[in-house]
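Residues per chain, in single letters:
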Amino acid sequence: MSKALRRRLGRGLAAALVTGLAAFACATGAMAENTKLRFAYLLADSDLPIFVAQKKGAFQAAGLDVELTEVQGGPAVVAAIASGSADVGYAAPVPPINARLNGVMVKMVMALGHEVDPDKKFLWLVASKASGARDLGGLKGKKIAFNANGSLCELAWRDHLAQAGMSMDDVQVVILPFPQQEAALEQGAIDATCTVNPFFASMSRNAEVGAQVVASGVLADESKPILNDVIFAGDDYIAANAQSLKTFGKVIFDARKELLANRAELEAAAVEFLGLTPEAAKDFNLPIVRPEVSIGEADVQPLLDAMKRAGMLTQDIAAGDMVANMAP
């Protein structure tokens, strides 16, 4: 072999080695650097598949580094996104609707829960036995609670009271986070509250509360499915991270499908992540009417109409301005 040929072969092998090393470095770097997604939430039933997926490493396996942060209510989730401390959030739909109305540019990207008559109900208005109330009319002059101003629970109280011929002027309002409501009912600090799981499952089995359901559902009329749980994000984040959001949604969809197929795992997860007793977990169900997590204008419009009736919406806005479907 000539010296010139040996030099050419040597240069070729060196170039191949450099190319191979670069490719290896890119591949290992890609594996090591998952996309970070900071997720803010308030504790509620729809979160359960997210907690399970996080524990099992499903987000990591899908290329996401998910950071979970718990806050006290939907408006606090909005605040986390507005301040830049979270990228994506979970709440009921009313807080992100109110946020956009007030100039915080967020949109709902997935639906995690719906309700529908007659028996798919996942929000309850509950009175204590000490209150003596057995229906909405029995709450006149009483103290009622909801978790935050501008919340889905505020809308629920307004809509159900109106159906009963009453208004918020007929009751005394107390703002109280979900985790504090059971004790307040037990101690007589409030007479009734709006609640969701896992809190409803717990207070229902508390003999000291003696829970009496006086109404159920976000709206008094749920002859058609009504949206009650969403994932939302800022407009800029959605535009720049569409694929990450779709991947996030796919992991959640798969996790909840597995939970629905395995009752024992669902109950065990409710005990582990939601703090339910094994007995209370037997009554626990995920708020799923539709298997898919897609969201559209038709999901949002009934809530806008209800908010307008209740005096919570003082300006017209198109439902399409509230939605950017990122379902997988």
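Keep in mind that this is a model prediction, so the values were computed, not measured.

Draft legend 1. Summary view of the packing of aromatic side chains. Overall, the coordinates contain seven aromatic pairs when judged by the stated rule. Plain terms: the ring middles of Phe39 and Phe248 are 5.3 Å apart, the flat faces sit at 55° to each other, and that makes the pair tilted. Pair noted here: Phe39 is in strand β1 (residues 35-42) and Phe248 is in helix α10 (residues 242-261), with a separation of 209 residues, a long-range link. Residue classification places Phe248 among the buried positions, given a relative accessible area of 0%. With a centroid separation of 5.2 Å and 25° between ring planes, the pair formed by Phe59 and Phe248 is classed as stacked. Pair noted here: Phe59 is in helix α3 (residues 58-61) and Phe248 is in helix α10, with a separation of 189 residues, a long-range link. For the residue pair Phe59 and Phe248, the accessibility class agrees, reading buried in each case.

Draft legend 2. The arrangement of the environment of Ala242 in detail. Locating Ala242 in the fold gives a position in helix α10. Spatially, the C-alpha atom of Ala242 lies 20 Å from that of Val77, the residues being 165 residues apart in sequence.

What counts, and at which threshold
- Per chain, residue numbering runs from 1 following the sequence as it is written.
- Residues qualify for local features only when their pLDDT is at least 70, as the model is predicted, and side-chain atom pairs are given and counted only at 80 or more; totals for whole chains, interfaces and linings, by contrast, use all residues.
- With hydrogens and water stripped out, all remaining heavy atoms of the structure feed into the side-chain values.
- A pair of Phe, Tyr and Trp rings is counted when the ring centres sit within 6.5 Å of each other, with Trp represented by its six-membered ring. The angle between the planes then sorts it: under 30 degrees is stacked, over 60 is edge-to-face, the rest tilted.
- The secondary structure listing takes helices from DSSP runs of H or I that are at least 4 residues long and strands from runs of E that are at least 2 residues long, numbered from the N terminus.
- Exposure categories follow from relative accessible area, calculated using a 1.4 Å probe and restricted to protein chains: below 20% of the type maximum is buried, above 50% is exposed, and the middle band is partly exposed.

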